[in-house]
Amino acid sequence: MDKFIYLDHAATTATRPEVVEAMLPYFTDKFGNPSSVYGFSNQSKEAIADARKIIGESLNTDPANIYFTAGGSESDNWALKETARTYANKGKHIITTKIEHHAILHTCEFLEKEGYEVTYVGVDENGIVKMDELKNAIRPDTILISVMFANNEIGSIQPIKEIGAIAKEKGILFHTDAVQAYGQIPIDVEEMNIDMLSASGHKLNGPKGVGFLYIRKGIKIRNLVHGGGQERARRAGTENVPGIVGLGKAVEIAVNTMKEREAYEMELRDYLIERVMAEIPYTRLNGHRTKRLPNNANFSFQFIEGESLLIMLDMAGICGSSGSACTSGSLDPSHVLLAIGLPHEIAHGSLRLTLGHENTKEDIDYVIDNLKRIVERLRNMSPLYEDFIRASKR
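Residues numbered from 1 in each chain as written. Predicted model: local features only at pLDDT ≥ 70, side-chain atom pairs only at ≥ 80, totals over all residues. Heavy atoms only, no water.

Participant: I'm lost on the packing of aromatic side chains in this one. Help?
Facilitator: Aromatic ring pairs are defined here through the distance separating the ring centres and the angle between the ring planes. Per the stated rule, a full pass over the model turns up ten aromatic pairs. Ring plane angle 70° and centroid distance 6.4 Å describe the contact between Tyr-282 and Tyr-385, whose orientation is recorded as edge-to-face. Taken together, the residues span a long stretch of sequence, with Tyr-282 in the loop between α8 (241-279) and β9 (283-285) and Tyr-385 in helix α13 (residues 383-392) at a distance of 103 residues. A relative accessible area of 32% places Tyr-282 in the partly exposed class. A relative accessible area of 16% means that Tyr-385 is categorised as buried. Geometrically, the ring pair formed by Phe-299 and Phe-301 is tilted, given 6.0 Å between the ring centres and 35° between the ring planes. Of the two residues, Phe-299 and Phe-301, both sit in the buried class. If you follow Lys-92 out to its NZ or CZ, it ends over the ring of Tyr-116, 4.6 Å from the centre. Its guanidinium or amino end placed over the ring of Tyr-271, Lys-361 lies 4.7 Å from that ring's centre, counting from NZ or CZ. (Phe/Tyr/Trp six-rings, centres within 6.5 Å; stacked < 30°, edge-to-face > 60°. Helix = DSSP H or I, 4+ residues; strand = E, 2+ residues; numbered from the N terminus. Buried < 20%, exposed > 50% of the residue type's maximum accessible area, 1.4 Å probe, protein only. Lys NZ or Arg CZ within 6 Å of the ring centre and 35° of its normal.)

Participant: So what exactly am I meant to see when it comes to the sheet that holds strand β12 (residues 350-354) here?
Facilitator: Sheet strands pair via backbone hydrogen bonds, and the direction of the pair is either parallel or antiparallel. Judged by pairing direction, the sheet is antiparallel, and its three strands sit side by side in the order β9-β10-β12 without closing on themselves. At either end of the open sheet lies a strand with only one pairing partner, and these are β9 and β12. Strand-to-strand twist of the sheet, defined as the mean angle between neighbouring strand axes without regard to direction, takes the value 25°. Where strand β10 (residues 296-301) meets β12, five bridges bridge the pair, whose relative direction is antiparallel. Of the residues in β12, the one forming a bridge with Asn-296 is Thr-354. Here α8 sits on the sheet in contact with β9, β10 and β12, set at roughly 15° to β10. (Pairing = 2+ DSSP bridges. Axes fitted to C-alpha atoms, helices over the stretch in contact; angles between N-to-C directions. Contact = heavy atoms within 4.5 Å.)

Participant: I would appreciate a short explanation of the environment of Arg-85 in the present structure.
Facilitator: Relative to the elements of secondary structure, Arg-85 occurs in helix α3 (residues 72-86). Arg-85 gets classed as partly exposed once you look at its relative accessible area, which sits at 24%. Considered as a pair, Arg-85 and Asp-332 are 247 residues apart in the sequence and their alpha carbons are 32 Å apart. Residues in contact with Arg-85, not counting those within four places in the same chain, are Phe-110, Glu-114, Tyr-116 and Arg-222.

Participant: I would appreciate a short explanation of unusual backbone geometry in the present structure.
Facilitator: Most peptide bonds are trans, and most residues other than glycine sit at a negative phi. Phi at Arg-232 is positive, roughly 55°, even though this residue is not glycine. Among the structural elements, Arg-232 can be located in helix α7 (residues 230-233). The phi dihedral of Tyr-282 falls on the positive side, at around 55°, and the residue is not glycine.

Participant: Explanation requested: the packing of α8 against helix α12 (residues 361-380) in the structure shown.
Facilitator: The axes of two packed helices give the description: the angle between them and the distance between them. At their nearest, the axes of α8 and α12 sit 10 Å apart, and the two run at 20° to each other. When the interaxial angle is binned, α8 and α12 end up roughly parallel. Note on packing geometry: the crossing formed by α8 with α12 is right-handed. Taking contact as the criterion, the partners of Leu-268, Tyr-271, Leu-272, Arg-275, Val-276 and Glu-279 in α8 are, on α12, Lys-361, Ile-364, Asp-365, Ile-368, Asp-369, Leu-371 and Lys-372. A per-class count over the contact of α8 with α12 returns seven nonpolar, no polar and six charged. (Parallel < 35°, antiparallel > 145°, perpendicular 65-115°, else oblique. Left-handed = near helix turned anticlockwise from the far one by under 90°. Nonpolar A, V, L, I, M, F, W, Y, C, P; charged D, E, K, R; others polar.)

Participant: How do you make sense of α8 when you look at a structure like this?
Facilitator: Residue pairs spaced three or four apart in an α-helix point in one direction, given the helix's 3.6 residues per turn. Compared with the 57 Å implied by 1.5 Å per residue over 39 residues, the 49 Å span of α8 between its first and last C-alpha is markedly short. The largest bend along α8 reaches roughly 65° and is located at Met-258. Two or three places before Gly-243, at the opening of α8, Asn-240 has a side-chain oxygen 3.0 Å from that residue's backbone nitrogen. (Expected span 1.5 Å × (residues − 1). Bend = angle between axes of the 7 residues up to and from the residue. Polar contact = N/O pair within 3.5 Å; in protein donor to acceptor, adjacent residues only side chain to side chain.)

Participant: What should I look at first to understand the sheet that holds strand β6 (residues 173-177) in this one?
Facilitator: Taken together, seven strands build an open sheet; the order of strands is β2-β8-β7-β6-β5-β3-β4 and the sheet is mixed. The open sheet has two edge strands, β2 (66-69) and β4 (117-121), and neither has a second partner. The average undirected angle you get between the axes of adjacent strands in this sheet is 20°. Of the pairings in the sheet, the one linking β2 to strand β8 (residues 211-215) comprises four bridges and is antiparallel in character. Bridge assignment links Ile-66 to a residue of β8, and that residue is Tyr-214. Helix α2 (residues 42-59) rests against β2, β7 (196-200) and β8 of the sheet, and its axis sits at about 120° to β2. Contacting β3 (93-97), β4, β5 (142-146) and β6, helix α4 (residues 102-113) runs over the sheet at an angle of about 150° to β4.

Participant: I keep staring at the pattern of salt bridges and nothing clicks. Help me out?
Facilitator: Pairs can form between side chains of opposite charge once their charged atoms are near each other. Applying the stated criterion across every chain yields a total of 20 salt bridges. A salt bridge links Asp-8 to Arg-352, with the shortest nitrogen-to-oxygen separation between them at 3.1 Å. Of this pair, Asp-8 sits in the loop between β1 (5-6) and α1 (17-23) while Arg-352 sits in strand β12, and the two are 344 residues apart along the sequence. Residue class for Asp-8 comes out buried when judged on its relative accessible area of 11%. Glu-274 serves as the salt-bridge partner of Arg-289, at 3.8 Å between the closest nitrogen and oxygen. With Arg-289 in the loop between β9 and β10 and Glu-274 in helix α8, the pair connects residues that are 15 residues apart, well separated along the chain. Judged by relative accessible area, which is 48%, Glu-274 ranks as partly exposed. In the salt-bridge network here, residues are joined through shared partners; they are Arg-275, Glu-279, Asp-365, Asp-369 and Lys-372. (Salt bridge = Lys/Arg side-chain N within 4 Å of Asp/Glu carboxyl O.)

Printed below as a string of structure tokens:
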């Protein structure tokens, strides 16, 4: 393959060389178990403490409120399941949205089978939560509101600060799945009244298999994983020291480069969006035009099928996706695109392109040139497109 252009950073990112370098000693020379009492293990203990401090500062919270997990899905499961079980005596009602990641939606389905009630709030055509609907969903027995910070498919950023204020006023716990947003845009858990927050390392140029759950001090939720007394007796299991070190380093780099990286990716993103919308007819941009992640562009192309589009882009050396990597094998259209009102046939023709700091304007030009060619070819093979063109000429 002569060309390789990676535009699926919402699915995963390459681990930065500096992150790998920081991790390597903890596989070999500094391999001590942080739970051991002898001096050799102190290196691992200190490394974990350093990473916790970096992450705590990035969110404007005490490092003691950060609990390391195996990733975003575990963090989401912990926040929802154990909040539900801990506060069941107060109520058994949870509010979330129709466009959450499946780590939230499937957990809610699990809780419904255990007797909990879940209200799935709708979103507008741009993928922004309907605030009136959310407010009206609150009941005396509501114990938790969980709304993702930014959508993993269409990139729309939610009014998290406003939702946090409502939850605080009503005495309801507020969790946000920030897996896509953390490290991309600033987050202040104090200013935004966030009680719990999930994040994952591999979305911000860190390693896979490590993440964290922020839990505000004073919130007593049960443990999801039982066993030893690790993570201050909140999450059992020997800590993934190399992964935690890598996560800390990735967060440090993400925070230090955020402002310039955000500006650069937004410039590339807007260039991509403007060219695609101007040069490929019968195309829709999904998600809010400006209230979206800096690196996210999601399009729906009428009269084509997304899977064929992805295969042909792959043949040209371009990596994109039709939605969440967690459901890429599904033949069903994206639940997010259906929730914003797209009909099935248009939702099936979707493409998500998510940029990274290593992408260039030349990359984008190459992608657009190939995208135009592929869309035209696929449409020329479509009887629906042929009928549409014939009808439009009458």
